[in-house]
Amino acid sequence: MFLYKLEVITQSAGPFVAVVLADSDEKAFSYAESQLNRQHLIPPTIQEISLVEKKRVEKGKGYVIQTTDL
Amino acid sequence: MSEQQIRPWETDRDKLNKLELVKLERDGLDIIDKIRKLAHQGYGAFSEEDLSFFKWAGIYEQRPKGNGLFMMRVRIPSGVLNKEQARALAAISRDYGRDLVDVTTRQAVQFHWLPTECLPDVFDRLEAVGLFSYQACGDVPRTIVGNPLAGIDPDELIDTRPIVRELEQHFLLNREYSNLPRKYKTSVSSNIYNTGHAEINDLAFTPASKEIEGEEVIGFHVWVGGGLSAKPYLAQQLDLFVRPEEVVKVASGVTTIFRDYGYREKRHHARLKFLVADWGAEKFLEKLIERIGPMPKKGTDRTVGWNAGYFTGVHKQKQPGLNYVGLLLPVGRISADDLDELARLAEQYGNGELRTCNSQNILIPNVPDEKLDGLLTEPLLDKLTPNPRTFIGHAVSCTGIEYCNLAIVETKARMLAIANWLDENVELDTPIRLHINGCPNSCGQQQIADIGLQGAKVKTEQGMIEAFDIHVGGSLGPDPAFNKRLKGRIPAERVAPVIAHLIEYYKANRQPDEKFHQFVRRVGHEVLQTQLDQILATTA
Ligand code: HEM
Ligand code: SF4
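Fair warning: this is a prediction, and the values are worked out from it, not measured in the lab.

Chemist: I would appreciate a short explanation of the overall build of chain A in the present structure.
Modeler: Secondary structure summary: chain A contains 1 helix and 3 strands in total. Counting from the amino terminus, chain A carries its helices and strands in the arrangement β-β-α-β. When the backbone C-alpha atoms are referred to their principal axes, chain A occupies close to 35 × 25 × 20 Å. Residue burial in chain A is summarised as follows: out of 70 residues, 33% are buried. Long-range contacts, defined here as pairs at least 24 residues apart, represent 53% of the contacts in chain A between residues at least 6 apart. Distance between charge centroids for chain A: 9 Å, based on 8 positive and 9 negative side chains.

Chemist: Please explain the coordination of the iron atom of ligand 1 as it appears in this structure.
Modeler: For a metal bound by four donors in tetrahedral geometry, the ideal donor-metal-donor angle is 109.5 degrees, whereas six donors in octahedral geometry ideally sit at 90 or 180 degrees. Its sole protein donor being C443(B) (SG), the iron atom of ligand 1 sits 2.2 Å from that atom. Relative to the assigned elements, C443(B) resides in the loop between β18 (434-437) and β19 (451-460).

Chemist: Sorry, what's going on with the site of ligand 2 here?
Modeler: Every residue lining ligand 2 is accounted for by C398(B), T399(B), G400(B), C404(B), L406(B), A407(B), G438(B), C439(B), N441(B), S442(B) and C443(B). Residues that form the shell around ligand 2 fall into these classes: 6 nonpolar, 5 polar and no charged.

Chemist: It is not clear to me how the sheet that holds strand β4 (residues 100-103) of chain B should be interpreted in this structure. Could you clarify?
Modeler: The pairing of strands in a sheet comes from backbone hydrogen bonds and takes either a parallel or an antiparallel form. Residues and elements named next belong to chain B. Spatially, β1-β2-β5-β4-β14 is the arrangement adopted by the 5 strands of the open sheet, whose pairing is antiparallel. Both edges of this open sheet fall to β1 (59-61) and β14 (333-335), since each of them pairs with a single strand only. Taking each pair of neighbouring strands and ignoring which way they run, the sheet shows an average axis angle of 30°. Looking at chain direction, β4 and strand β5 (residues 109-115) are connected through 2 bridges and run antiparallel. Note on β5: the bridge partner recorded for V103 is V109. Sheet strands in contact with helix α5 (residues 119-128) are β1, β2 (69-74) and β5, and its direction is about 15° off that of β2. Along the sheet, helix α9 (residues 336-349) contacts β4 and β14; its crossing angle with β14, the most-contacted strand, is approximately 85°.

Chemist: Please explain the pattern of salt bridges as it appears in this structure.
Modeler: Opposite charge on two side chains allows them to pair when their charged atoms are near. Residues and elements named next belong to chain B. Within the structure shown, the criterion is met by 54 salt bridges over all chains. The salt bridge partner of E216 is R302, with a shortest N-O separation of 3.6 Å. Pair noted here: E216 is in strand β9 (residues 215-224) and R302 is in the loop between β11 (300-301) and β12 (313-316), with a separation of 86 residues, a long-range link. A residue is classified by how much of its surface remains accessible, and E216, at 49% relative accessible area, is partly exposed. Given the relative accessible area of 27%, R302 is considered partly exposed. Among the salt bridges present, the one from D469 reaches R489, with a minimum N-O distance of 3.2 Å.

Chemist: It is not clear to me how the side chain of T105(B) should be interpreted in this structure. Could you clarify?
Modeler: All names here are of chain B. Relative to the helices and strands, T105 is located in the loop between β4 and β5. A distance of 3.0 Å separates a polar side-chain atom of T105 from the backbone oxygen of C443. The contact partners of T105, leaving out residues within four places of it in the chain, are N358, Q360, V396, C443 and Q445.

Chemist: Is there a simple way to think about a nonpolar patch on the surface in this case?
Modeler: There is a patch of nonpolar side chains on the surface, built from M1(A), L21(A) and V57(A) and spanning about 280 Å² of accessible area. Looking at the secondary structure, you find M1(A) in the segment before β1 (2-10).

Chemist: Any chance you could explain the interface of chain B and chain A here in plain terms?
Modeler: Each side of the interface is counted separately: chain B has 14 residues, and chain A has 15 residues. Taken together, both faces of the contact between chain B and chain A bury some 1,500 Å²; the carbon and sulfur share is 50%. At the boundary of chain B and chain A, one finds 4 salt bridges. Between K457(B) and D25(A) there is a salt bridge whose closest N-O contact spans 2.3 Å. For the interface between chain B and chain A, the tally reads 6 residue pairs in polar contact (both at pLDDT 80 or more). Only β19 and β21 (484-491) of chain B provide two or more residues apiece to the side of chain B that touches chain A. The element best represented in the side of chain B that touches chain A is β19(B), accounting for 5 residues.

Chemist: What am I meant to see in the nonpolar core here?
Modeler: Among soluble globular proteins, nonpolar side chains are generally buried collectively. The biggest cluster of nonpolar side chains holds 57 residues, and the ones touching the most others in it are I35(B), M72(B), L89(B) and L342(B). Ranked by the residues each element gives to this core, the list is headed by α9(B), at 7 residues. Listed in part, the 53 residues of the second largest apolar core include L51(A), L422(B), V426(B) and I490(B).

Chemist: Explain the packing of aromatic side chains here, please?
Modeler: Working definition: an aromatic ring pair is given by the centre-to-centre distance plus the angle between the planes. Using the criterion set out here, one finds 19 aromatic pairs over all chains in the structure. Here the aromatic rings of F132(B) and Y134(B) are separated by 5.8 Å at their centres, their planes lie at 45°, and the arrangement is tilted. Ring geometry for Y506(B) against F516(B): centres 5.2 Å apart, planes inclined by 75°, an arrangement best described as edge-to-face. Pair noted here: Y506(B) is in helix α13 (residues 492-509) and F516(B) is in helix α14 (residues 516-523), with a separation of 10 residues, a long-range link. In this structure an aromatic cluster arises from ring pairing among Y43(B), F46(B), F54(B) and F70(B). Geometry around F2(A) places K54(A) over its ring, the cationic atom sitting 4.6 Å from the centre. Positioned above the aromatic ring of W113(B) is the side chain of R98(B), whose terminal nitrogen or guanidinium carbon lies 3.6 Å from the ring centre.

Scoring rules and cut-offs
- Residues numbered from 1 in each chain as written.
- Chains lettered and ligands numbered in written order.
- Predicted model: local features only at pLDDT ≥ 70, side-chain atom pairs only at ≥ 80, totals over all residues.
- Heavy atoms only, no water.
- Helix = DSSP H or I, 4+ residues; strand = E, 2+ residues; numbered from the N terminus.
- Buried < 20%, exposed > 50% of the residue type's maximum accessible area, 1.4 Å probe, protein only.
- Contact = heavy atoms within 4.5 Å.
- Lys, Arg positive; Asp, Glu negative; His and termini not counted.
- Charge placed at Lys NZ, Arg CZ, Asp CG, Glu CD.
- Donors = N, O, S within 2.8 Å, 3.2 Å for Na, K, Ca; no water.
- Near = heavy atom within 4 Å.
- Nonpolar A, V, L, I, M, F, W, Y, C, P; charged D, E, K, R; others polar.
- Pairing = 2+ DSSP bridges.
- Axes fitted to C-alpha atoms, helices over the stretch in contact; angles between N-to-C directions.
- Salt bridge = Lys/Arg side-chain N within 4 Å of Asp/Glu carboxyl O.
- Polar contact = N/O pair within 3.5 Å; in protein donor to acceptor, adjacent residues only side chain to side chain.
- Patch = residues over 30% accessible without salt bridge, like charges linked within 9 Å, V, L, I, M, F, W, Y side chains within 5 Å.
- Areas by Shrake-Rupley, 256 points an atom, 1.4 Å probe, with all protein chains shown as cover.
- Buried area = accessible area lost by both parts, 1.4 Å probe.
- Core = buried A, V, L, I, M, F, W, Y, C linked by side-chain atoms within 4.5 Å.
- Phe/Tyr/Trp six-rings, centres within 6.5 Å; stacked < 30°, edge-to-face > 60°.
- Lys NZ or Arg CZ within 6 Å of the ring centre and 35° of its normal.

Given below as structure tokens:
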């Protein structure tokens, strides 16, 4: 199991970083998309979604995400 | 570590992360004996905690984790190998590692595919020729990088081989240093072209001179707190001058400061760079002087440029009549048979030595003039050519998804494809250094490349594809700076043509003798961004 970091660029709602737990790269993408959709009444159209980092799951692992300059 | 002594960090256990608490109970180096005792029982004999200590023995689980297959790194201090050592490495990889040997960006050597059961035998075979995987990974002093030309180098002020040897002996298996807060990387070079990549090491010694009592003394300047990873920092110079015979004293002083004051609360905030960033160079020096006694202030820096470890071709040594021949190992990979053959060539044409470079290449030193032609007509040199084309000759790659658990993309094959395409399609008279990383951890040292690539996966209508962020303008000292990212993620198959466009722009607009990184810094990052935007817009 890995903790994944994905970057999402949408047409209507700006950029996001999604952090999801998954056991494969494929699933990381689909979890990230469903998390994104859950946060919106109208799901934003995804322009680009990319997987940029993965960390093996252990206590204390995480990401620090700068909120400007995404 | 002596039994009774309480180290400063041990007193406040709330300030320690989980692994630190375990490290108080277990000395990382004990794992070596445990592996010797239990490995014949196979992977299942080791607990998860044991496996986390395998690093102290230089061993990492390779991808996929849990299969009992390991990557092992072997220290090659300053890159100096003799023929027996080269043959031992080749034999280990043939017997246990599927014929594969990788040379790393810190002059070390890596095996893959090693099964658990073979590890004690590998330790023995390495030890028999004076090589060690111990402390090649883990929270310890790692292999010491240096000048691959030490002792034969017309551009070095002094031969650093004895110093590296002394340091290696001082650090290796020394329990005073077996529990550092984090990995600890040392570099020693007296070459005036910064062949030790000083600024990206935790501790580095670079060539310097100073007039002391009317006499010109050759020695070193000292840099602390460099490192790459996800948050790269350039080392800072301390205001002191070190005579060659004092290097070990200074190194142990710096290392014990790291051991005793380095941060242990969060692992990603534990490298020496964080302490140096907080203290600043002046306070750091004060603390060092408290430990090691007064030292003279800094003299004259003798570094005049940067050679990023590229020595391909035939070059004269400082010893008249002798030459070194630098060979290309494409992205650092060599087969067991080729390594054996290199050992034979080194014996037949040189003095049996080989040197690994932090550009992931290798060289044969000590070839007399009259034997050069013979060496150059050897069939192996068709493959590991001393005259590589420009791009493949300056391409560096991390391990990538083939073996690495953290990789997002394939790197070595990708870099080969990119560099070969550029060599076919772009005319260039000045080298451009290309580095590739499969994730943000920087094993491929992407940040110091002229053009650095970092992998990501992008979802498209055709499914998941590999893509890369492009970073431009990195170099080490003098005038060091990490490269900076251009916005816009490029699908893998477009990376080579996109780089070609950027290089054409550079060729059309550069000043005489201007290197790529100098060009980027003169015209500014935005200009390159505009170029990239145009390329992406016109050929989308
Ligand atoms: C498959 C095995 C490997 C794994 C799992 C691995 C893992 C890592 C990790 C996690 C880091 C970041 C460490 C930190 O935060 O300080 C790192 C850094 C690094 N690794 Fe690797 N690595 C592997 C192979 C390699 C190889 C093949 C090379 C050489 C080509 C290499 C050289 C480096 C270097 C130079 C750094 C940057 C260290 C620094 O100065 O901060 N590693 N590696
Ligand atoms: S840079 Fe990332 S992908 Fe490449 S070897 Fe290092 S950890 Fe693995």
